[in-house]
Structures are given as structure tokens and as C-alpha cells.
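# Remarks on the overall topology
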Amino acid sequence: MGHISQTIKSLHSSLPQGVELVAVSKFHPAPAILEAYEAGQRVFGESRATELVDKAKALPTDIKWHFIGHLQTNKVRMIMPHVSLIQSVDSERLLRLINAEAARIDRTIDVLLQVHVAQEETKFGFLPQELIDLMSTCDVTTMSNVRIVGVMGMASNTDDNTRVETDFKAISKTFNDIKALNLPGNEHFTVISMGMSDDHQLAIKHGSNMVRIGSTIFGYRQY
Ligand SMILES: *Cc1c(COP(=O)(O)O)cnc(C)c1O
């Protein structure tokens, strides 16, 4: 058995019940994805629109593709027929555009709201309070073609576990604060997507139920 299938199988057996594995396949070619698929993996994450579309067209149709990168507004239409979850909604404008594009092709799309807690300035997302304010004021019932199913976030890129745990707690708290608003569709608001190759155990400890793992499965990516 190759490294990829071995790692998929060991993650499937070691992740706690209820924690979904997203295999982050960005920059890795179709044969690598197929090896993970043959090992039973069905959910894959991509961070570039064209790459997601090309792979979705070439690979088995029962794969669920998650978009996890910064989504430019001019790329929304392109991914819309192929994507099952957009994890990285980082502005109200993008949310409304996704709703409009989903309506155009008569589908409803699941999305996560991206929370920015990490110390790096380059990471996208809403600040926790900004997101809570948005959710308290925007009328989600006017967006009937998006279903907001949870939040996504990243911890700071540091070896300081205390900082990483602080970040994960802040993402979980943001989820809980939005959940407590009890907005229409609240029963679907269930996902906390956090944790990557190096920090997913800490993320799970703080409430993650969706982990996005790339390099552990596919090796270090080539830019
Ligand atoms: C690349 C990426 C991952 C996977 O990171 P690894 O450290 O390779 O596991 C997870 N989430 C997002 C948003 C990413 O861009």
C-alpha cells in the first residue's frame, strides 16, 4: 500500500467519530487524489477555482469538492456547478454573490463563514465580533440559495501551542455565539472546520468537527 492510502486509512480509523476529514489536494495531481479515493476518501479541498473545476471534471463524480481558499468574486460562477461546500466566505459581498450565482443555476449551496483569529495579517476572514454583528443584522432569509452551515478558521502559524489553542478557542466561541442567535436555519449550523496537518489534534480538543489535512497525506506541496 502506498503512503497516501496508508495515511487515509490511518486517519479514518484514528479521527474521533463525528470528525470529518477533508483531504486537501491543492497542487497535487489527479493520480494522487485517485489513490486517496481508492482508499475510501470522498471529500477533497482545493484552494484555486480553475484547479477545482479541472479536477472535478476529470475525477469521479461522487467526490465532494470543498473550496477552502480566498475566493475571488469573478471565480464564483465557475466553481458553482462543481463545489459542495465553500468553506471560505470572508465578506458579506461574497456571500450575497454566491447566493445570486447559486440561484442562477437553481441550486442551494452550503457555505462556512471564515473567522480570522490568527496573528498573521495576511489571513482572510471576518473578525469574530464583525461576524457576530453581521449575523445579528443581516436577514439570512433574503438569501434562500445559501445555507450557512458553520464556521471555518485557521490558527496562527506558530510552534507556540498556547497561542494555537487560544485561536481555536476563539473560533469555537464565535461558532457558539452565532449558534446562540438562533437564526432561521439554525438546525443546519453545525460545522466547526479547523485544524490542519500539524495542529488538528489541538483543534479537535477545542471542538473541531471538520479537519483539513494536506501535507500529511500528500506530502509537501510544490508551488
Ligand atoms: C493548504 C491548506 C490546508 C492544509 O494544510 P496542511 O498543513 O498541508 O495540512 C488547510 N486549510 C487551508 C485553508 C489550506 O489552505
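As a starting point, this report considers the structure included with it. Computed from a predicted structure; not experimentally measured. (Residues numbered from 1 in each chain as written. Predicted model: local features only at pLDDT ≥ 70, side-chain atom pairs only at ≥ 80, totals over all residues. Heavy atoms only, no water.)

### Here we look at helix α7 (residues 161-181)
- The terminal C-alpha atoms of α7 lie 31 Å apart, and with 21 residues this matches the ideal 30 Å at 1.5 Å per residue to within 8%.
- Taken together, the buried positions of α7 are V164, E165, D167, F168, I171, S172, T174, F175 and I178.
- For α7, the side-chain oxygen to backbone nitrogen distance between the N-cap and T162 is 3.1 Å, and the N-cap itself is D160.
- Looking at the residues trailing α7, positive phi occurs at N182, about 55°. (Helix = DSSP H or I, 4+ residues; strand = E, 2+ residues; numbered from the N terminus. Expected span 1.5 Å × (residues − 1). Buried < 20%, exposed > 50% of the residue type's maximum accessible area, 1.4 Å probe, protein only. Polar contact = N/O pair within 3.5 Å; in protein donor to acceptor, adjacent residues only side chain to side chain.)

### Some remarks on the pattern of salt bridges
- As enumerated under the stated definition, the model contains 10 salt bridges in all.
- Ionic pairing is found between D167 and R163, a salt bridge with its closest N-O pair at 3.0 Å. Of the two residues, D167 and R163 both sit in helix α7, 4 residues apart, roughly one turn of that helix.
- Classification of R163 as partly exposed rests on a relative accessible area of 26%.
- Several salt bridges converge on common partners, so that one network encompasses E46, E51 and K55. (Salt bridge = Lys/Arg side-chain N within 4 Å of Asp/Glu carboxyl O.)

### Describing the packing of aromatic side chains
- Taken as a whole and assessed by the stated rule, the structure comprises 2 aromatic pairs.
- An angle of 40° between the planes, with centres 5.9 Å apart, marks the rings of F44 and W65 as tilted. Placement of the pair is F44 in strand β2 (residues 43-46) and W65 in strand β3 (residues 64-67), with a sequence separation of 21 residues.
- Look at W65 and you get buried, because its relative accessible area is 2%.
- Here the aromatic rings of F175 and F189 are separated by 4.8 Å at their centres, their planes lie at 10°, and the arrangement is stacked. With F175 in helix α7 and F189 in the loop between α7 and β7 (191-193), the pair connects residues that are 14 residues apart, well separated along the chain. We note that F175, like F189, is buried.
- Between the NZ or CZ atom of R42 and the centre of the ring of Y37, over which it lies, the distance is 3.6 Å. (Phe/Tyr/Trp six-rings, centres within 6.5 Å; stacked < 30°, edge-to-face > 60°. Lys NZ or Arg CZ within 6 Å of the ring centre and 35° of its normal.)

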